[in-house]
Amino acid sequence: FPSADELVIEDTSRSGDSISVTIRFRPLSEREIQRGDEITWYPDGDRLVRCDYVQPSAYGYDRVFGPSTATEAVYDVAARPVVKGAMEGINGTVFAYGVTSSGKTHTMHGDQNCPGIIPLAIKDVFSLIQETPGREFLLRVSYLEIYNEVINDLLDPTGQNLRVREDAQ
């Protein structure tokens, strides 16, 4: 396979109104290290993901972050443009997808030392509101979990096992 430098990847500069696919690798856990687990997929540059194990493969994405990347750097690229667009009236979604234990919750929630995308977005939303005193804002937020094809509203404990509909209900 060619190196990341040899590949021609289309410029995907974002204006806040398109889809961007971003990959974040988490580091191996202490348990995985003790078991002798190995990393099979890894970032190659900031736009390519490779696997040299069994059948070599490579895939390109809008942005790829390695395991040592801080959540704030991921937020700046993957979510801040969505938040900015939403504050300008454009509907936006940040969608975290991955297998169990892939790092979705840590990336979205974070912890005391490293806030996740959600607290960073909330901070930005209210900062943007404070910076625009002459404008009124109406905020509507959804926070859903889809697990084993079951949809739960994480902001409303009564909204469990929801159905997807294509009408007003």
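My aim in this report is to walk through the structure given alongside it, one point at a time. Just so we're clear, the structure is a prediction, and the values are computed from it rather than from any experiment. (Residues numbered from 1 in each chain as written. Predicted model: local features only at pLDDT ≥ 70, side-chain atom pairs only at ≥ 80, totals over all residues. Heavy atoms only, no water.)

## Some remarks on the pattern of salt bridges
Stage number 1. Throughout the structure, instances matching the rule amount to seven salt bridges.
Stage number 2. Here R80 ties to D124 by a salt bridge, and the two come within 2.9 Å at their closest N and O atoms. Taken together, the residues R80 in helix α3 (residues 80-87) and D124 in helix α5 (residues 117-130) connect sequence positions 44 residues apart.
Stage number 3. For D124, a relative accessible area of 15% gives the class buried.
Stage number 4. K84 is the salt-bridge partner of E88, the closest N and O atoms lying 2.9 Å from each other.
Stage number 5. Salt bridges here are not isolated pairs; linked through shared partners, they connect D76, R80 and D124. (Salt bridge = Lys/Arg side-chain N within 4 Å of Asp/Glu carboxyl O. Helix = DSSP H or I, 4+ residues; strand = E, 2+ residues; numbered from the N terminus. Buried < 20%, exposed > 50% of the residue type's maximum accessible area, 1.4 Å probe, protein only.)

## Re the packing of α3 against α5
Stage number 1. Close contact between α3 and α5 brings their axes to 10 Å; oriented N to C, the two are set at 35 degrees. Helix-helix and strand crossings are classified by hand; for α3 and α5 the assignment is right-handed. On the side of α3, the interface is formed by R80, V83 and M87, while α5 contributes A121, D124, V125, L128 and I129.
Stage number 2. For the contact of α3 with α5, the class distribution of residues is six nonpolar, no polar and two charged. (Axes fitted to C-alpha atoms, helices over the stretch in contact; angles between N-to-C directions. Left-handed = near helix turned anticlockwise from the far one by under 90°. Contact = heavy atoms within 4.5 Å. Nonpolar A, V, L, I, M, F, W, Y, C, P; charged D, E, K, R; others polar.)

## Concerning the pairing of strand β4 (residues 57-60)
Stage number 1. Of the strand pairs in this sheet, strand β3 (residues 48-51) and β4 are connected by four bridges, and their pairing is antiparallel. From the neighbouring strand, R50 faces β4, where its bridge partner is A58. (Pairing = 2+ DSSP bridges.)

## Points about the packing of helix α2 (residues 71-78) against α3
Stage number 1. Where α2 contacts α3, the two axes come as close as 4 Å, and the packing angle between them is 45 degrees. It follows that α2 is oblique to α3 by the angle criterion. Along its contact with α2, which presents Y75, D76, V77 and A78, the element α3 presents R80, P81, V82 and V83.
Stage number 2. Across the contact of α2 with α3, the residue classes break down as six nonpolar, no polar and two charged. (Parallel < 35°, antiparallel > 145°, perpendicular 65-115°, else oblique.)

## Regarding the sheet that holds strand β2 (residues 41-44)
Stage number 1. Spatial ordering of the open sheet is given by β2-β3-β4, a layout of three strands whose pairing is antiparallel. Edge strands, defined here as strands with exactly one partner in the open sheet, are β2 and β4. Looking at each pair of strands side by side, their axes are set apart by 25 degrees on average, direction ignored.
Stage number 2. When β2 meets β3, the two strands line up antiparallel, connected through four bridges. Note that in β3 the partner of W41 across the bridge is C51.

Everything listed is a geometric property; what it means functionally is a separate question.
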